[in-house]
Amino acid sequence: MPNTAGCSRRARVIAVTGVLALAGAAVAGCGGGAAGGGQVPGAGPHPQVARSGRVTVVYETGTVAPQDREVVALIRKSRVLERTADWVNRTLALPHDLAVKVTGDVPRGVTDAVTQPDGRTVFVPPSFLAEIRKAFADVVKTVERPEPFPASEYNTDDLTVLSTEFIFGHEMGHALQRQLLLANLGLEEDAADGFASFYTIDEVGPGPSLAAAILFDEIARKEGTPTLETMSSDHPVTQQRAYNFLCYLYGSDPREYQRSLVDSGRLPKTRAPLCPQAWAMLDYGWWTQLRPHFSPAFKARGDEEQKQAQARLIAQTRDLAKRIDDIRRSQ
Ligand SMILES: [Zn+2]
């Protein structure tokens, strides 16, 4: 179980550097035992010393098929997976290590990015990355660039990198829910999408949400009319997910995105007025869920983030109450 609550004064934080130069935090004298997940490498003969779990990203290049090598090199060079892993390592104390494997050596039947049920391994199959890149190769030829997406990044490679960052955020959402046993008030898949929005909007910018919305829009177009199978899936219907991504992005800064997302018709006017409060609730929700698991080094800042998110939610809910009649009339 997580081991940060109530022990920060005793905690001694030791920076450790992993194989892939990902900084991790090791906590001495806090939690301990099996829950801490082991001993700090090189920490010497102190069995009471425990560390929090660390996220590492591994590229198993020997398993990558020749046709997928280019896209794996693209993602590796971008370091988007490492950026997410690094944020989790700095921010949270995980009970277990998390291995992110970009590998062709996946369990039978795995074709997409997946998180194992224990939240300790994420598989990213190279063929899945290649499919994303192939979809964007079509998109840039056939779909007009959405206005908020910069022209300089509207190309196959940048879109592939940005959407991979969002999709990996989704998998990280699963891993956190499962490792930390987070209390969930809705479907896990919704929460995983929510973490991708929460993390990328707060820490990266609009690019991953926009690229993911473009990708899911394209997938939805290719899927056509939803079938019984897609409607009964544990994932929301693909087109709905694309609108959810845009809703959270718009809600995070309505002034910034009013013209490009709402006035342009990309996010319907019936949905948009609900989004600022929806975003405030998501942002507050994730900061609150993660709060008991903040790393000692992040705790003060994290507590402040959570407090500010709560204030924004209260303000947005008040605003929503004032607008609710207008919203109902518009639906
Ligand atoms: Zn999922």
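In case you missed it, the structure is sitting above this.
Residues numbered from 1 in each chain as written. Predicted model: local features only at pLDDT ≥ 70, side-chain atom pairs only at ≥ 80, totals over all residues. Heavy atoms only, no water.

**Q** Can you break down the packing of aromatic side chains residue by residue, with the values?
**A** With the rule as written, the count across this model stands at 16 aromatic pairs. Centre to centre, the rings of Phe 149 and Tyr 154 are 6.0 Å apart; their planes meet at 70°, and the pair counts as edge-to-face. Relative to Phe 298, the ring of Trp 287 lies with its centre 6.1 Å away and its plane at 20°, an arrangement referred to as stacked. Of this pair, Trp 287 sits in helix 10 (residues 275-290) while Phe 298 sits in the loop between helix 10 and helix 11 (299-330); the two residues are eleven residues apart in sequence, bridging distant segments of the chain. Its relative accessible area of 1% is what places Trp 287 among the buried residues. Put simply, the rings of Trp 87, Phe 195, Phe 198, Tyr 199, Trp 286, Trp 287, Phe 294 and Phe 298 touch in pairs and so form one group of aromatic residues. (Phe/Tyr/Trp six-rings, centres within 6.5 Å; stacked < 30°, edge-to-face > 60°. Helix = DSSP H or I, 4+ residues; strand = E, 2+ residues; numbered from the N terminus. Buried < 20%, exposed > 50% of the residue type's maximum accessible area, 1.4 Å probe, protein only.)

**Q** Any details on helix 1 (residues 69-78)? Residues and values, ideally.
**A** For an α-helix, 3.6 residues make a turn, and residues three or four places apart therefore share a direction. Of all the positions in helix 1, only Val 71, Val 72, Leu 74 and Ile 75 are classed as buried. One side of helix 1 holds all its buried residues, which, seen down the axis, span an arc of 155°. Pointing more than 90 degrees away from the buried face of helix 1 are the exposed residues Glu 70 and Lys 77. Taken together, the buried residues of helix 1 touch strand 3 (55-59), helix 2 (80-91), strand 4 (98-102), helix 3 (126-142) and helix 4 (156-179). After helix 1 finishes, the residue Arg 79 shows a positive phi value of roughly 60°. (Arc of directions from axis to C-beta. Contact = heavy atoms within 4.5 Å.)

**Q** How would you summarise unusual backbone geometry if you had to cite specific residues and measurements?
**A** As a rule of thumb, non-glycine residues mostly have phi less than zero, and peptide bonds are mostly trans rather than cis. With a phi angle near 60°, Arg 79 is a residue other than glycine that sits in the positive phi range. One can find Arg 79 in the loop between helix 1 and helix 2. For Arg 79, a relative accessible area of 43% corresponds to the partly exposed category.

**Q** Give a description of the coordination of the zinc ion that names residues and reports values.
**A** Only His 170 (NE2), His 174 (NE2) and Glu 189 (OE) from the protein reach the zinc ion as donors, at distances of 2.1 Å. Between consecutive donor residues of the zinc ion, the sequence gaps follow H-x3-H-x14-E. Taken together, the residues span a long stretch of sequence, with His 170 in helix 4 and Glu 189 in helix 5 (residues 188-203) at a distance of 19 residues. (Donors = N, O, S within 2.8 Å, 3.2 Å for Na, K, Ca; no water.)

**Q** Kindly report on the sheet that holds strand 5 (residues 114-115), identifying the contributing residues and their values.
**A** The four strands are arranged 3-4-6-5 in an open sheet whose pairing can be described as mixed. Each edge of the open sheet is held by one strand with a lone partner, namely strand 3 and strand 5. In the sheet, strand 5 pairs with strand 6 (residues 121-124) via two bridges, with the strands oriented antiparallel. Bridge pairing in strand 6 places Thr 115 opposite Val 122. Across the sheet, helix 2 lies against strand 3 and strand 4, angled at about 160° from strand 3, the strand it touches most. (Pairing = 2+ DSSP bridges. Axes fitted to C-alpha atoms, helices over the stretch in contact; angles between N-to-C directions.)

**Q** Account for the side chain of Gln 306, with residues named and values stated.
**A** Tracing the backbone through its elements, the reader meets Gln 306 in helix 11. Here Gln 306 falls in the buried class, since its relative accessible area comes to 7%. If we ignore the near neighbours within four places in the chain, the residues touching Gln 306 are Tyr 284, Trp 287, Thr 288 and Arg 291.

**Q** Any chance you could break down the pairing of strand 4 for me, citing the residues and the numbers?
**A** On any regular strand, side chains alternate: one points to one face of the sheet, the next to the other face. Residues Leu 98, Val 100 and Val 102 of strand 4 are buried on one face, while the alternating residues Ala 99 and Lys 101, pointing to the opposite face, are not. Across five bridges, strand 3 lies against strand 4 in parallel orientation. Across the sheet, Tyr 59 pairs through a bridge with Val 102, a residue of strand 4. Of the pairings in the sheet, the one linking strand 4 to strand 6 comprises four bridges and is parallel in character. Looking at the pairing, Val 100 lines up with Val 122 of strand 6.

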